[in-house]
Amino acid sequence: MFNFKKGNKNEQSTSANQKLQEPTKHITKEELKETLNTLSKKEFTELIKEKINDPSDFAVKYINENITIIYVENLIDSKSLTDLIIPTLQNISEPTPDSIKEELPVSQIDISNQLDVIIYELLIGAALIHTKDHSEIVVTKISSYQSRGLSAPKNESQVIGSQVGFNENLATNVSLVRRFITSPNLCNEKFEVGDDTLTSIRMLYIKGLASEEQVHTIRQRIESLNISGLIDSAILAELIDDSSKTVFPQMMPTERPDRFCDGLLSGKIGIIMNGSSMGIVTPVAFIEFFHSKEDQNLRWQIGTMLRLLRFFAMIFSILLTPIYVAALTYHYEIISQTLIVPLSESRAIVPFPPILEALLLELIIELLREAGSRLPTKVGQTVGIVGGIVIGTAAVEAGITSNILIIFVALSALASFTTPNYVMANIIRFLRFPIILLAGLWGFLGIMLAVCFLLIHLLRLTSLGAPYLAPLYPARLRDLPNSLIRLPLNSVSRQAVNTRKGDEKTSDQENSKKVSE
């Protein structure tokens, strides 16, 4: 850890430098104290500068011959430094680490003699105060991070309910959760991941509701990560989920604090990461990706209708275009006599087989969607609408595709947008392509093979050890209605089926009692 290579004619300083060059594990606490005691303020400054590779925003202020302040300009609150710390230090007659800690009007102050801790605190916005003839360094945490203000969620919008979403500041996100859940049983565990980024992560859960086994599993997976850097929570979810080879997410990303807290109150585990505006909720079942937080804010009859609409829209979006391809390629007999004539007329001048025609239109839809999402909001909406109309009309008039297929592809794309979760909506659009290929090769047999393979794959998946298709598999008849439909809140279990211990069923009143204790 220590690597101070500054030459000095003084024998005592040379001995200190030799000790600094040795690994930390060979230096005892007494030797470390003696080593830092022998360093002058200039030598200590050079040591810190060398450890962080002499950045351009490295700053040093000498208060007097006894006190030195070291900090990184772009990371600290300069107003706190000039208005609070410097004037206070100038008025201390006999500066020691303890006296400085008592006198400084700063809420977060630590004293440390561990160089790795000192360097870490410096790089996250602390000011280091070095006093002459003392081995301990005063660490004043006055960081100032620029972050986006709170705003409404963009990808999980709703009409009724909370209109605030997470941002990229970890402290802000944790405070949002604590505003919803004020229980002392809300546990908040801290982790740091990434050799280069040292990304702060918080694991939140309610003690007594969350499964201890699942909490231990998440804790173990995070602590075992050995990576150089971690930038976003989506990467973290892929690294710690049960299977990274599947296309289906086994953890629920959400930008809504209310949905995040609703998961905690159901016995789930939440993860928030610094620098990411998306929280993670786990374990999660497949059917929950088609639930919206707004379902609970509406009457149960309306919420039920919307849930069923989204679920059948998912099936409709995946299978409509493949059924069209299979019917026109192999199974004309299933088409009614009234539709045979218009279908034949619309395809009379189309030079491509149905499979190529469908893949071409699906690809065009995806191109328009991707282009619209990458452009500015107003321009993207215009490109999506105008591009779809112009290209669709031109394709029909040129005889490249049939107008009936355009209707089917547009309906499939529209149905995929009803999925409230962005990640799952992308997966639904992705699944159409392999199923279309199988439908073009083997007709309805190919579609059935794809559906069977998909179901078998989902049956094999788990989310933090819990079945991914719960409560469909393993079958829990008492929980099945509340998964597909939204029953009245006072007649269902509050705790999620995939977080229960054994065959236990916890009511709303029991869970509320646990949280309030």
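Above this text you will find the structure in question.
Residues numbered from 1 in each chain as written. Predicted model: local features only at pLDDT ≥ 70, side-chain atom pairs only at ≥ 80, totals over all residues. Heavy atoms only, no water.

**Some points on the overall build of the chain**
Test applied: For the purposes of this entry, the term helix denotes a DSSP run of H or I that reaches at least four residues, the term strand denotes a run of E that reaches at least two, and both are numbered from the N terminus. Each residue's exposure class comes from its accessible area (1.4 Å probe, protein chains only) as a fraction of the maximum for that residue type: buried when under 20%, exposed when over 50%, partly exposed otherwise. All accessible areas in this document rest on Shrake-Rupley with a 1.4 Å probe, and a residue is counted as covered only by the protein chains that are shown.
When you go through the chain residue by residue, the secondary structure sums to 20 helices and twelve strands. Burial status across the chain gives 48% buried among its 517 residues. Working note: accessible area of the chain is about 26,200 Å², and carbon and sulfur atoms make up 58% of it.

**Looking at empty space enclosed by the protein**
Convention followed: Points on a 1 Å grid, built from protein atoms alone, make a cavity when a 1.4 Å probe fits but cannot get out and make a pocket when they are open with protein on both sides within 12 Å along at least 5 of 7 lines; residues with an atom within 4 Å of a point are the lining residues. Grid points are joined across faces, edges and corners, and a volume is the space filled by probe spheres set on the points. In this classification, the charged set is Asp, Glu, Lys and Arg, the nonpolar set is Ala, Val, Leu, Ile, Met, Phe, Trp, Tyr, Cys and Pro, and all remaining amino acids, among them Gly, are polar.
Scanning all chains against the criterion turns up one cavity of 30 Å³ or more. As for the largest cavity, its lining consists of Ile-287, Phe-290, His-291, Arg-307, Phe-311, Ser-483 and Leu-484. Secondary-structure elements contributing two or more residues to the lining of the largest cavity are α12 (300-329) and α19 (480-484). Among the residues making up the lining of the largest cavity, the classes are represented as four nonpolar, two polar and one charged.

**What about the layout of surface pockets?**
In this structure, the second largest pocket occupies an estimated 1,000 Å³ of space. Only α6 (115-123), α7 (170-180), β6 (186-193) and β7 (199-206) provide two or more residues apiece to the lining of the second largest pocket. For the lining of the second largest pocket, the residue count by class is twelve nonpolar, 13 polar and eight charged.

**Thoughts on the sheet that holds strand β9 (residues 269-273)**
Spelled out, the test is: The pairing criterion for strands is at least two bridges between them, as found by DSSP. Here an angle of 0 to 180 degrees is reported between the N-to-C directions of two axes, which are lines fitted to C-alpha atoms, with helices fitted over the stretch in contact. Contact criterion: two residues are considered in contact whenever any of their non-hydrogen atoms come within 4.5 Å of each other.
An order of β6-β7-β9-β10-β8 is seen for the five strands of this open sheet, with the pairing classed as antiparallel. Looking at the sheet topology across the chains shown, the edges are occupied by β6 and β8 (252-254). Taken pair by pair, the neighbouring strands of this sheet meet at an average axis angle of 25°, ignoring direction. Relative to strand β10 (residues 279-282), β9 is paired through three bridges, and the arrangement is antiparallel. For Ile-269, the partnering residue across the bridge sits in β10 and is Thr-282. The sheet strands contacting helix α9 (residues 233-240) are β7, β9 and β10, and the helix crosses β9 at an angle near 135°.

**Details of helix α16 (residues 403-416)**
Because the α-helix completes a turn every 3.6 residues, residues three or four places apart line up on one side. To be explicit about the condition: The span you would expect from a helix comes to 1.5 Å times its residue count less one.
For α16, which comprises 14 residues, the first-to-last C-alpha distance of 20 Å matches the rise-based estimate of 20 Å (1.5 Å per residue) to within 8%. Every buried residue belonging to α16 is among Ile-404, Leu-405, Val-409, Ser-412, Ala-413, Ala-415 and Ser-416, and all of these are buried. Lining the buried residues of α16 we find α12, α13 (337-346), α14 (354-374) and α17 (422-442).

**Focus on a negative patch on the surface**
This is how the line gets drawn: Residues form patches when they are more than 30% accessible in relative terms and have no salt bridge. Like charges link within 9 Å. Nonpolar side chains (Val, Leu, Ile, Met, Phe, Trp, Tyr) link within 5 Å. The term salt bridge refers to a pairing of a side-chain nitrogen on Lys or Arg with a carboxyl oxygen on Asp or Glu at a separation within 4 Å. By the counting rule applied here, Lys and Arg register as positive and Asp and Glu as negative, while His and the ends of each chain are not counted. Charged side chains are reduced to one point each, which is NZ for Lys, CZ for Arg, CG for Asp and CD for Glu.
Together, Asp-98, Glu-102, Glu-103 and Glu-136 line one region of the surface with negative charge. Here Glu-103 shows up in helix α5 (residues 97-103).

**Regarding the sheet that holds strand β2 (residues 67-72)**
Sheets are built from strands that pair by backbone hydrogen bonding, the pairs being arranged parallel or antiparallel. Taken in spatial order, the five strands of this open sheet run β1-β2-β4-β5-β3, and their pairing is antiparallel. Both outer strands of the open sheet, β1 (58-62) and β3 (109-112), are each paired with one neighbouring strand and no more. Averaged over neighbouring strand pairs, the angle between their axes works out to 20° when direction is ignored. With four bridges connecting them, β2 and strand β4 (residues 126-131) associate as antiparallel partners. Among the inter-strand pairings, Ile-69 is bridged to a residue of β4, identified as Ile-129. Sheet contacts for helix α3 (residues 41-51): β1, β2, β4 and β5 (137-141); angle to β1, the most-contacted strand, approximately 165°.

**With respect to the side chain of Thr-199**
The cut-off we apply is this: For the purposes of these results, a polar contact is taken to be a pair of N or O atoms within 3.5 Å, where, inside protein, one atom must be able to donate a hydrogen and its partner to accept one; residues adjacent in sequence count only when each atom of the pair is a side-chain atom.
The topology assignment puts Thr-199 in strand β7. Overall, the relative accessible area of 7% leaves Thr-199 in the buried class. A polar contact of 2.8 Å, which involves the side chain of Thr-199, links it to the backbone oxygen of Leu-230. Each residue touching Thr-199, except ones within four places of it in the same chain, is listed here: Phe-191, Glu-192, Val-193, Leu-230, Met-273 and Asn-274.

**Focus: unusual backbone geometry**
With an omega of -5°, the peptide bond between Thr-282 and Pro-283 qualifies as cis. In this structure, Pro-283 sits in the loop between β10 and α11 (294-297). Pro-474 follows Tyr-473 through a cis peptide bond whose omega is -10°. In this fold, Pro-474 is placed in the loop between β12 (466-467) and α19. Unusually for a residue other than glycine, Asp-54 sits at a positive phi of about 50°. The topology assignment puts Asp-54 in the loop between α3 and β1. The phi torsion at Leu-198 lies on the positive side, around 45°, for a residue other than glycine. Note on placement: Leu-198 falls in the loop between β6 and β7.

**Quick word on the pattern of salt bridges**
Within the structure shown, the criterion is met by 18 salt bridges. Notably, a salt bridge pairs Arg-369 with Glu-366, separated by 3.2 Å at the nearest N-O pair. Here Arg-369 pairs with Glu-366, and both are found in helix α14, just three residues apart, close to one helical turn. Within the structure, one salt-bridge network assembled from shared partners comprises Glu-362, Glu-366, Arg-369, Glu-370, Arg-429 and Arg-432.

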